[in-house]
Amino acid sequence: MNLTANKKTLALSGVLLGAIAAVLAYMGNPKNMAMCIACFIRDTAGAMKLHQAAVVQYVRPEIIGIICGAFLIAVVTKEYRSTAGSSPMVRFVLGMIMMIGSLAFLGCPLRMVLRMAAGDLNAYVALIGFVAGVFTGTLALKRGFSLGRAYTVDKASGTVLPIAMVVLFVLSLTTTLFVSSEKGPGSMHAPVLIALIGGLLFGAIAQKCRSCFAGCVRDIILMKNFDLLTIVGGIFVVMVIYNIATGNFNLSFTGQPVAHAQHIWNILGMYAVGFAAVLAGGCPLRQLVLAGQGSSDSAVTFLGLFVGAAFCHNFGLAGVAAAAATADAPAVAGGPGINGQVAVIACIVILFIIGFMPKNKKN
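Residues numbered from 1 in each chain as written. Predicted model: local features only at pLDDT ≥ 70, side-chain atom pairs only at ≥ 80, totals over all residues. Heavy atoms only, no water.

## Brief notes about the environment of alanine 11
Put simply, the test is: A run of H or I in DSSP becomes a helix once it reaches four residues, and a run of E becomes a strand once it reaches two; helices and strands are each numbered from the N terminus. Type-normalised accessible area, obtained with a 1.4 Å probe on protein chains alone, sets the label of each residue: buried when under 20%, exposed when over 50%, and partly exposed for intermediate values. Contacts are assigned to residue pairs that have any heavy atoms within 4.5 Å of one another.
Within the secondary structure, alanine 11 sits in helix α1 (residues 7-26). Overall, alanine 11 belongs to the partly exposed group, its relative accessible area being 25%. Ignoring sequence-local partners within four residues, the contact set of alanine 11 consists of Thr230 and Gly234.

## Section: helix α8 (residues 192-209)
Defined as follows: A helix is expected to span 1.5 Å for every residue after the first.
The terminal C-alpha atoms of α8, which comprises 18 residues, lie 26 Å apart, in line with the 26 Å expected from a rise of 1.5 Å per residue. Backbone geometry just after α8 places arginine 210 at a positive phi near 60 degrees.

## Re a nonpolar patch on the surface
Filter applied, for reference: Residues enter patches when they are more than 30% accessible in relative terms and free of salt bridges; like-charged ones are connected within 9 Å and nonpolar ones (Val, Leu, Ile, Met, Phe, Trp, Tyr) within 5 Å. In these tables, accessible area is a Shrake-Rupley quantity obtained with a 1.4 Å probe, and a residue counts as shielded only by the protein chains included in the view. Any Lys or Arg side-chain nitrogen located within 4 Å of an Asp or Glu carboxyl oxygen qualifies as a salt bridge.
A contiguous nonpolar surface patch, about 350 Å² in accessible area, is contributed by Ile345, Val349, Ile353 and Met357. Here methionine 357 lies in the segment after α14 (338-356). By relative accessible area, methionine 357 is classed as partly exposed at 46%.

## Observations concerning the nonpolar core
Keep this limit in mind: By nonpolar core is meant a set of buried Ala, Val, Leu, Ile, Met, Phe, Trp, Tyr and Cys residues that side-chain atoms within 4.5 Å join together.
In terms of nonpolar packing, the biggest core is built from 102 residues, with Ile37, Ile41, Phe130, Phe213, Leu285, Leu288 and Phe302 touching the most fellow members. Ranked by the residues each element gives to this core, the list is headed by helix α11 (residues 263-280), at twelve residues. Excluding anything up to four places from it in sequence, isoleucine 37 contacts Ile63, Ile66, Cys108, Leu110, Pro284, Leu285 and Leu288.

## A word on the pattern of salt bridges
Per the stated rule, a full pass over the model turns up six salt bridges. Across the salt bridge formed by glutamate 79 and lysine 208, the nearest N and O atoms sit 3.3 Å from each other. One end of the pair, glutamate 79, is in the loop between α3 (61-76) and β1 (83-84); the other, lysine 208, is in helix α8, and 129 residues separate them in sequence. Using a relative accessible area of 21% as the deciding quantity, one classes glutamate 79 as partly exposed. Judged by relative accessible area, lysine 208 falls into the buried class, the value being 15%. Two residues, arginine 218 and aspartate 219, come together in a salt bridge whose shortest N-O distance is 3.1 Å. Aspartate 219 sits in the buried class, given a relative accessible area of 9%. The structure contains a network of salt bridges with shared partners spanning Arg42, Asp43 and Arg60.

Okay, structure coming up:
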């Protein structure tokens, strides 16, 4: 089935993606975090002891499923292409930047939409930054920015990451090598098999419909093409219905699960994510899908996201969720601390250097 054939099939794909997210939320994934690429990569990095934040450590089968689902559907539909060689180290840096920006906001673009669907007004504020970041990225593209051409390589190269994900999943089930949170977001998860199946389906559908949150905004700006926005709209509508039906819809800035109202950092964090995603050729979800269908360059971006998650929690860059006062503790405003704020600004500066620095015309 060609899910890019027309807007009806694109909308259907969005509805299916939203339904998968709703099922995962209902089955135990954290509220407003039914499917978050950045958060789930962070949790998996924590489970592998790459950081010591005890409340966000769990091998998320959804990440493994998305990569493997994209790989399997690409092989079946003969869309698998093993490619590499398009500025891998720059892509690694862009992956790290996307993670730093995401954790300043507390969510990737996918989770931003899910938070919007639950009434989180902080996510609507962050959307301003995301759109502005994508717009800035399109200006770089118009000026001739390119990461260069990817070349066809040995077919085995593109299978390394999917195979590594399978090994990771098996080890998480059969050994005690990994740790799991006993409280906090990392302790909230759907049953393993349901999470894996959800990830596989999510990855397969996202691969077929070319879903990309940065891409949908980029296409509107550059080509006045609203096709990819139809997918996002489908996800949003389904999750609004789910949240209203389950009593999880709360239209406010406060009282939102794993969120904060430090608006300048919500905006700047997602600005960095949108900017970096355009330069890298796709949002975090798109990078996982591309890696699954054979792009070693996107696999390097995934590694950047992974390492970025460890950096964020090891060096105090990640934002903190707001919390109301209790009998034992004062209220917490949340947001990134000074380390995270400096990191976000530094990331934006680096993005301008990467995107707008004059290039050697021979390259």
